Amino acid sequence: MSQILDYIEANKQRFLDELFELLRIPSVSADPQYKDAVFKTADAVKAALVKAGADKVEVCPTAGYPIVYGEKIIDAKLPTVLVYGHYDVQPADPLELWTSGPFEPVIKDGNIYARGSCDDKGQMYMHVKAFEYMMQTNSLPCNVKFMIEGEEEVGSNNLGIFVANNKERLKANVILISDTGIIANDIPSICVGLRGLTYLEVEVTGPNRDLHSGLYGGAVPNPINILCEMIAKLKDDNKHITIPGFYDDVEVISTEERAEMAKAPFSVDEYKKALDLKDIVGEEGYTTNERNSIRPTLDVNGIWGGYQGEGAKTVIASKAYAKISMRLVPYQKSDKTFEQFKAYFESIAPPSVKVKVTPHHGGEAAVTPTNTIAYKAAHKAMETTFGKKPIPVRSGGSIPIVSMFKAELGLDTVLLGFGLDSDAIHSPNEHYGVFNYFKGIETIPYFYQYYAEMSK
Ligand code: BES
Ligand code: MN
Ligand code: MN
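The following paragraphs examine the structure supplied in this document.

Cut-offs applied
Residues numbered from 1 in each chain as written. Chains lettered and ligands numbered in written order. Predicted model: local features only at pLDDT ≥ 70, side-chain atom pairs only at ≥ 80, totals over all residues. Heavy atoms only, no water. Donors = N, O, S within 2.8 Å, 3.2 Å for Na, K, Ca; no water. Tetrahedral: all angles 85-135°; square planar, octahedral: opposite > 155°, others 65-115°. Helix = DSSP H or I, 4+ residues; strand = E, 2+ residues; numbered from the N terminus. Buried < 20%, exposed > 50% of the residue type's maximum accessible area, 1.4 Å probe, protein only. Salt bridge = Lys/Arg side-chain N within 4 Å of Asp/Glu carboxyl O. 1 Å grid on protein atoms, 1.4 Å probe; cavity = no way out; pocket = protein on both sides within 12 Å on 5 of 7 lines; lining within 4 Å. Points joined across faces, edges and corners; volume = space filled by probe spheres on them.

Looking now at the coordination of the manganese ion (ligand 3). Binding of the manganese ion (ligand 3) to the protein goes through Asp119 (OD), Glu153 (OE), Glu153 (OE) and His426 (NE2), at separations of 2.1 to 2.5 Å. Seen from the manganese ion (ligand 3), its six donor atoms lie at angles of 55 to 155 degrees, and the figure they make is irregular. Between consecutive donors of the manganese ion (ligand 3), the numbers of intervening residues give the motif D-x33-E-x272-H. In this structure the manganese ion (ligand 2) is found 3.6 Å away from the manganese ion (ligand 3), and Asp119 serves as a bridging donor for the pair. In this pair, Asp119 is assigned in the loop between β5 (111–113) and α3 (121–136) and His426 in the loop between β17 (413–415) and β18 (431–433), connecting sequence segments 307 residues apart. Looking at Asp119, the relative accessible area reads 7%, which means it is buried.

Scanning the entire structure with this criterion turns up 26 salt bridges. Notably, a salt bridge pairs Arg169 with Glu58, separated by 3.1 Å at the nearest N-O pair. One end of the pair, Arg169, is in the loop between α4 (159–165) and β7 (174–177); the other, Glu58, is in strand β1 (residues 55–60), with 111 residues separating them in the sequence. On the basis of relative accessible area, Arg169 is assigned to the partly exposed category, the value being 25%.

In this section: the layout of surface pockets. Reported here for the second largest pocket is a volume of approximately 270 Å³. In terms of lining residues, the second largest pocket is bounded by 16 residues, among which Ala365, Ala366, Val367, Ser403 and Lys406 are the most central. If you list the elements that add at least two residues to the lining of the second largest pocket, you get β15 (366–367) and α11 (401–409). In terms of residues, the lining of the second largest pocket owes the most to one element, α11, which gives three residues.

Shown next as structure tokens:
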């Protein structure tokens, strides 16, 4: 079946042009300013699915941004693959650090530069093009359903409702998602774990108004200083999180399993070099790869307050704020972790300030099984197209709907992603390799073929 390679070769430019059209629409779900663009992107995804040959394609409204659904049922007796992806993207800021416009896709050094090129428009679109190929060549070996959402980057708040209300329509045998990565272009891997998330915001209030920092400085609580002190108390010297009960439910991974995971190729030196770091920090007793996959974390994602304009203003702010994320591992619960954080944060606040802790969104961790037909099909598909066996790897990122699919639909997920850590997703200059884009389109039809064969 190197027919797929011929098909890609013959349609290369069009596959790129079509993706570029999608990348030009700034579907930033977090920023209401882009509302029209997000809706427009849903329509574009619908049009792409229709053109590729899907039936019953529909832009399904939700309380937020719509979910695009489409399907091709060729035979009710055959297994059904439910493809999930997202057409929304992260905000592009800081804009000045982009070397070309975030919504003006260009190819430089073999990479497609644009917000969403990797996460997730580029990876989602690989599925549309692989589907087009199977339709054009009459080789679709099982049923397929597409569910492409527009709120992944803001917590998928309405997807749960949609899934719960559409259980019949979404009936499938497996979920297939390309929204993760591989170790390197010559080291294929399959993501088998995602972390959960608790995202929240804190507000610390000192005096009832901003004050002259000379007249009052030294005699009143400065909420920014106090917020920093409180944040510093959230970890000890070993970078262990100090919130009481935080580690109670954390999955304990055996020494054997840790040894197995450590076999994945990794160089701390290259890691440091890629990030321009002289040294790295993290929880004592764990390797870098363990720290960013099987261990929970706490990170400040944003912190502000006081004067931030040009020059200097001598002022003690009335309020200070921070956005904080905690990445969770299996058996930790997002809601419980929020409550633990809130109780602890309130308990360490000095009596001189008021604190408010507000939840944003969250999700549970997921581990995908490797003993299923679907995983084996994905494994074989990657081995076919990369010429090497893929390595199972747990990732540190989160896709909260994976655990939800399991809970709501009872379905396992295969995370067949093709991105690289160096693709700068969520950062300025996000890019996606042209190699990876076409490799994805090449690999997906093999997944379908093997999955259908192994399901017989
Ligand atoms: N595609 C990413 C998650 C990801 C990337 C997982 C690479 C594994 C490898 C997804 O779009 C994402 O960014 N998720 C958010 C969570 C969401 C609730 C905002 C995240 O991980 O921060
Ligand atoms: Mn994504
Ligand atoms: Mn993302």
